[in-house]
Amino acid sequence: MKIPHKFSYSLIEPIKKHRAFVSFIIILTGVCIFCAVMAGIKFSNSSLLISFSNVVIVKFLRGSTGFGGMLFTNLFTIGVFAIIIICSCCKKYTISIGIFFYGYYVYAQSLTLIAFILEYGIINTLVVAFCMLLFMAVTLFLLLELFLICIEFQNEPFYFKCAISNCFTILIMIIILLILQSIIFFVLRNYIIVLVY
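Remember, predicted model here, so these are calculated numbers, not experimental data.

Chemist: Is there a simple way to think about the environment of R189 in this case?
Modeler: Looking at the secondary structure, you find R189 in helix α8 (residues 168-191). Measuring from C-alpha to C-alpha, the distance between R189 and L61 comes to 5.7 Å, with 128 residues separating the pair along the chain.

So, in structure tokens, the structure goes:
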């Protein structure tokens, strides 16, 4: 059954239809998060853990980049991962590329969050860390939905046309999510005391 190109389709139906794939992605996500936590704990006192000069949210909270810079960077980053997922799902033997990059995204985001908490302390970063965790979880869910929609059209002769057309709703959701994320961090930086130096 093809997923229609509309804003009101069910997000649950694709999950029910591809339970095995969803289970695999959930396990992969758990493994990547576990590896990130272990890496964060092991290298917590090492300068090799992560450089916050490259983390756009931390740069924004420090004031070294603006609202537009943060939004554009986030849109560009997620856009690259979305394109990789869509392209990798065109064939069964290429989907592993998308899964690899999905796992990398989970690991990188988790490691950034762990390093952020370890660097500045859980009390100082409680609100920011919670927002980062929440937006990461929703982003991962939407990227999973992107996988599921693309899998539906894997055997179609005009795969890219069908996939992009039917992924339109999820892509719009991702854009809205990133705009909302940027607005919330803008509010946190300007109206709430955020101890990030």
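Moving on, there is more to tell.
Chemist: How should the pattern of salt bridges be read in this particular structure?
Modeler: Here the idea is simple: oppositely charged side chains can pair when their charged atoms come close. The final tally for this structure, using the stated rule, is one salt bridge. A salt bridge links K17 to E152; the nearest nitrogen and oxygen atoms lie 3.1 Å apart. In this pair, K17 sits in helix α1 (residues 13-17) while E152 sits in helix α6 (residues 126-152), placing the two residues 135 residues apart along the sequence. Overall, the relative accessible area of 45% leaves K17 in the partly exposed class. The class of E152 is buried, set by a relative accessible area of 17%.

Chemist: Please clarify how helix α5 (residues 95-120) should be interpreted in this entry.
Modeler: Structural remark: α-helix, 3.6 residues per turn; residues separated by three or four positions point the same way. Given a rise of 1.5 Å per residue, 26 residues ought to cover 38 Å, and the 38 Å separating the end C-alpha atoms of α5 matches this to within 8%. Positioned one or two residues after α5, G121 has a phi angle of 95°, which is positive.

Chemist: It is not clear to me how the state of the cysteines should be interpreted in this structure. Could you clarify?
Modeler: In a disulfide, the sulfur atoms of two cysteines are held together by a covalent bond. A complete count under the given rule lists zero disulfides for this structure. For C89, which is in no disulfide, the shortest distance to another cysteine sulfur is to C150 and amounts to 4.8 Å.

Chemist: Would you mind showing me how to read helix α7 (residues 159-166) here?
Modeler: Taken together, the buried positions of α7 are occupied by Y159, C162, A163 and N166. Viewed end-on, α7 has its buried residues packed into an arc of 95°, placing them on one side of the element.

Chemist: Please clarify how the environment of L171 should be interpreted in this entry.
Modeler: For L171, the location among the structural elements is in helix α8. Among the residues examined, L171 registers a relative accessible area of 25% and is labelled partly exposed. Between the C-alpha atom of L171 and that of G79, which follows or precedes it by 92 residues, the distance is 8.7 Å.

Chemist: Any chance you could explain the nonpolar core here in plain terms?
Modeler: Soluble globular proteins: nonpolar side chains tend toward being buried together. The biggest cluster of nonpolar side chains holds 56 residues, and the ones touching the most others in it are F21, Y102, L146, F147, Y159 and F185. Sorting the residues of this core by element identifies α2 (19-42), α3 (56-62), α4 (67-88), α5, α6, α7 and α8 as the ones contributing at least two each. The greatest single-element share of this core, amounting to 16 residues, is contributed by α6. Contacts of F21, omitting those with residues within four sequence positions, involve I95, I99, L144, F147, L148 and I151.

Chemist: Would you explain the packing of aromatic side chains in this entry?
Modeler: Two descriptors summarise a pair of aromatic rings, namely the distance from one centre to the other and the angle between the planes of the rings. Counting across every chain of the model gives eight aromatic pairs. Three or more aromatic residues joined by ring pairs make a cluster, and in this case those are F21, Y102 and F147. Just above the ring of F60 sits the side chain of R189; from NZ or CZ to the centre is 4.1 Å.

Chemist: Just checking my understanding: could you explain the layout of surface pockets for this structure?
Modeler: Space left empty within the atom packing is revealed by a probe, the size of a water molecule, rolled over the atoms. Within this model, the largest pocket holds a volume of roughly 580 Å³. What lines the largest pocket is a set of 24 residues, among which V56, N74, T77, Q109 and T112 lie closest to the centre. For the lining of the largest pocket, the secondary-structure elements that each account for two or more residues are α3, α4, α5, α6 and α8. Among the elements that make up the lining of the largest pocket, the one with the highest residue count is α5 (seven residues). Looking at the lining of the largest pocket residue by residue, the class counts come to 16 nonpolar, eight polar and no charged.

The rules behind these values
Along each chain, residue indices are assigned from 1 in the same order as the chain's sequence is written. In keeping with the model being predicted, local features are shown solely for residues with a pLDDT of at least 70 and side-chain atom pairs are shown and tallied solely at 80 or more, while totals for entire chains, interfaces and linings include all residues. Side-chain calculation: all heavy atoms of the structure are included, whereas hydrogens and water are not. Every helix listed is a DSSP run of H or I at least four residues long, and every strand listed is a run of E at least two residues long, numbered separately from the N terminus. Salt-bridge detection follows one rule: a side-chain nitrogen of Lys or Arg within 4 Å of a carboxyl oxygen of Asp or Glu. When accessible area is computed with a 1.4 Å probe and restricted to protein chains, residues below 20% of their type maximum are described as buried, those above 50% as exposed, and intermediate ones as partly exposed. Multiply 1.5 Å by the residue count of a helix minus one, and that product is the helix's expected span. Throughout, disulfides are identified as pairs of cysteine sulfur atoms within 2.5 Å of each other. Here the arc refers to the directions that run from the helix axis out to each C-beta atom. Only buried Ala, Val, Leu, Ile, Met, Phe, Trp, Tyr and Cys residues count toward a nonpolar core, and they belong to the same one when joined by side-chain atoms within 4.5 Å. Residue contacts are defined here by distance: any two heavy atoms, one from each residue, within 4.5 Å place the two residues in contact. Aromatic rings from Phe, Tyr and Trp, taking only the six-membered ring of Trp, are treated as a pair when their centres fall within 6.5 Å; an angle between ring planes under 30 degrees marks them as stacked, one over 60 as edge-to-face, and anything in between as tilted. Geometrically, a charge over a ring is one whose NZ (Lys) or CZ (Arg) sits within 6 Å of the ring centre while staying within 35 degrees of the ring normal. Lining residues are defined by having an atom within 4 Å of a point belonging to a cavity or pocket. Those points lie on a 1 Å grid over the protein atoms alone, cavities being sets where a 1.4 Å probe fits but cannot get out and pockets being open sets with protein on both sides within 12 Å along at least five of seven lines. Grid points are joined across faces, edges and corners, and a volume is the space filled by probe spheres set on the points. Each residue gets one label: Ala, Val, Leu, Ile, Met, Phe, Trp, Tyr, Cys and Pro are nonpolar, Asp, Glu, Lys and Arg are charged, and the others, such as Gly, are polar.

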